Amino acid sequence: MKFPTLYDNHNRPINYVRLAVTDRCNLRCFYCMPENGIKYLPKSALLSYEEMERMLRILAQMGVSKVRITGGEPFVRRDLVPFMQRISQIEGINQIHLTTNGVFTGDYLPQLQSIGIASVNLSLDTLDQQRFKEITRRDDFGKVMQTLEGLLRYNIPTKINAVIMAGKNTQDIIPLTELTRHTPVSVRFIEEMPFNGEGAREESDSVDFWSFRRILAELQTHYPQIYKIPDGKHSTSYNYAIPHHQGTVGIIAAFSRTFCGTCNRIRVTAQGTLKTCLYDDGVLDLKKLMREGASDEEVSQALLYAFRHRPKDGFEAEANRLNHSPVSESMSTIGG
Ligand code: SAM
Ligand code: SF4
């Protein structure tokens, strides 16, 4: 069954939720998390799977049809696959996507295929084992590559997400793009956002920042025949193809925030906070609402209110933050 589409106060449809199932992670990508000292939430502060299912049921009835499971690292939470199986049965939810670092994912590919996973975004910032270790502070490159091979073997639509960072992995732009030559993957380069749970950083203002324009210039230098292809309706990436390559290339201007005008997504953090923009500091405490005994109708009304008061873009959302400070929390708690 298809439920009617819901529109926000800027006439953007709301049909996509990104759900962080945990704030924990087995890696420590330096752009995302500090090496030590990240304060994980106690288990009781996280939404239970039952609460997540209830919330998704309510959202589905409001018109949300697409769910992305993210985190933290989703596979760090026990019983993830049975949960995904259950939500695949929710009426109205017709696409389930996953964002993962790929370290544990390889063990679950048959199950992901059998629930009809729509796509997997695999985070992979480099094809060099040593650089992988420096970036993630863990030595799991081999496992991630096995997962990538497995995803292709199982014909699961796959995107590779690579955050591009000055002095760290800019030399990987071309080797990662080369993956598109013989495989049908979409490789997306992401501007680094200057927050990793340790406070906002300044790099993005520096001349060395790798903006989407600079990444594109690098690609154009190596592939003069690269050409623009249409972007999906609510795509956050600018997409390109290279003649004779099976896959495609995308660039996500996560820091420049050029995609806000068509943004159709909302986020729910692992502790059950609704975010209607990546850059806001949470607009509704869904966990509190549900634990205080709100009915489905009351939850739905509160969600509706939040959707009708959505900021126009990430700059407005950031300006509206309670203490007016820029985003500093980790994407692992935001739900990247
Ligand atoms: N652990 C999973 C993974 O890494 O794919 C899912 C969660 S992770 C927070 C989701 C995405 O956020 C990853 O692709 C990661 O590269 C991206 N991310 C995290 N911190 C970022 C930052 N400071 N700038 C840009 N992207 C970031
Ligand atoms: Fe973990 Fe993903 Fe953050 Fe890396 S980007 S530390 S894999 S949550």
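Right above here is the structure, for reference.
The model shown is predicted, which means the values in this text are computed figures rather than measured ones.

The rules behind these values
Residues numbered from 1 in each chain as written. Chains lettered and ligands numbered in written order. Predicted model: local features only at pLDDT ≥ 70, side-chain atom pairs only at ≥ 80, totals over all residues. Heavy atoms only, no water. Salt bridge = Lys/Arg side-chain N within 4 Å of Asp/Glu carboxyl O. Helix = DSSP H or I, 4+ residues; strand = E, 2+ residues; numbered from the N terminus. Buried < 20%, exposed > 50% of the residue type's maximum accessible area, 1.4 Å probe, protein only. Near = heavy atom within 4 Å. Nonpolar A, V, L, I, M, F, W, Y, C, P; charged D, E, K, R; others polar. Core = buried A, V, L, I, M, F, W, Y, C linked by side-chain atoms within 4.5 Å. Contact = heavy atoms within 4.5 Å. Pairing = 2+ DSSP bridges. Patch = residues over 30% accessible without salt bridge, like charges linked within 9 Å, V, L, I, M, F, W, Y side chains within 5 Å. Areas by Shrake-Rupley, 256 points an atom, 1.4 Å probe, with all protein chains shown as cover.

A.B. asks: Can you tell me about the pattern of salt bridges, naming the residues and giving the values?
C.D. replies: One pass over the structure, following the stated rule, counts 16 salt bridges. For Arg310, the salt bridge goes to Asp8, with nearest N and O atoms at 2.8 Å. Of the two residues, Arg310 is situated in the loop between α9 (296-307) and α10 (314-319) and Asp8 in the loop between β1 (6-7) and β2 (13-14); the sequence distance between them amounts to 302 residues. When sorted by exposure, Arg310 lands in the same class as Asp8, which is buried. The salt bridge involving Glu51 is made with Arg291; its shortest N-O contact spans 2.7 Å. Taken together, the residues span a long stretch of sequence, with Glu51 in helix α1 (residues 49-61) and Arg291 in helix α8 (residues 286-291) at a distance of 240 residues. Arg291 gets classed as partly exposed once you look at its relative accessible area, which sits at 44%. One salt-bridge network, in which partners are shared between bridges, spans Asp8, Arg12 and Arg310.

A.B. asks: Describe the site of ligand 2, naming the residues involved and giving the relevant values.
C.D. replies: Near ligand 2 the following residues occur: Cys25, Leu27, Cys29, Cys32, Gly72, Asn101 and Ser332. When the residues that make up the shell around ligand 2 are grouped by side-chain class, the tally is 4 nonpolar, 3 polar and no charged.

A.B. asks: So what's going on with the nonpolar core? Residues and values would help.
C.D. replies: Core analysis: the largest hydrophobic core is formed by 97 residues, its most contacted members being Leu56, Ile69, Phe83, Phe189, Leu219 and Leu303. When residues in this core are grouped by element, the largest group, 7 residues, is from α1. When neighbours within four sequence positions are excluded, Phe83 is seen to be in contact with Leu19, Val21, Tyr49, Met52, Glu53, Leu56 and Ile69. Counting residues in each nonpolar core, the second largest holds 5 residues, with Ala20, Leu41, Leu46 and Ala270 among its members.

A.B. asks: How would you sum up the pairing of strand β12 (residues 265-268)? Please name residues and give values.
C.D. replies: Residues Arg265 and Arg267 of β12 are buried on one face, and the alternating residues Ile266 and Val268, pointing to the opposite face, are buried as well. Pairing of strand β3 (residues 16-20) with β12, which is carried by 4 bridges, proceeds in the parallel orientation. In the sheet register, Arg18 faces β12, and the bridge partner there is Arg267. As judged from the 2 bridges shared by β12 and strand β13 (residues 273-275), these two strands associate in the antiparallel manner. Looking across to β13, one finds that Arg267 is bridged to Lys275. The antiparallel pairing of β12 with β13 creates a hairpin that spans 4 residues between the two strands, and Gly272 there sits at a positive phi of about 85°.

A.B. asks: Give me the lowdown on a nonpolar patch on the surface, citing residues and values where you can.
C.D. replies: On the surface, a nonpolar cluster with roughly 210 Å² of combined accessible area is contributed by Val76, Phe104 and Tyr108. Within the fold, Tyr108 resides in the loop between β5 (95-100) and α3 (109-114).

Worth remembering: the numbers are spatial, not functional.
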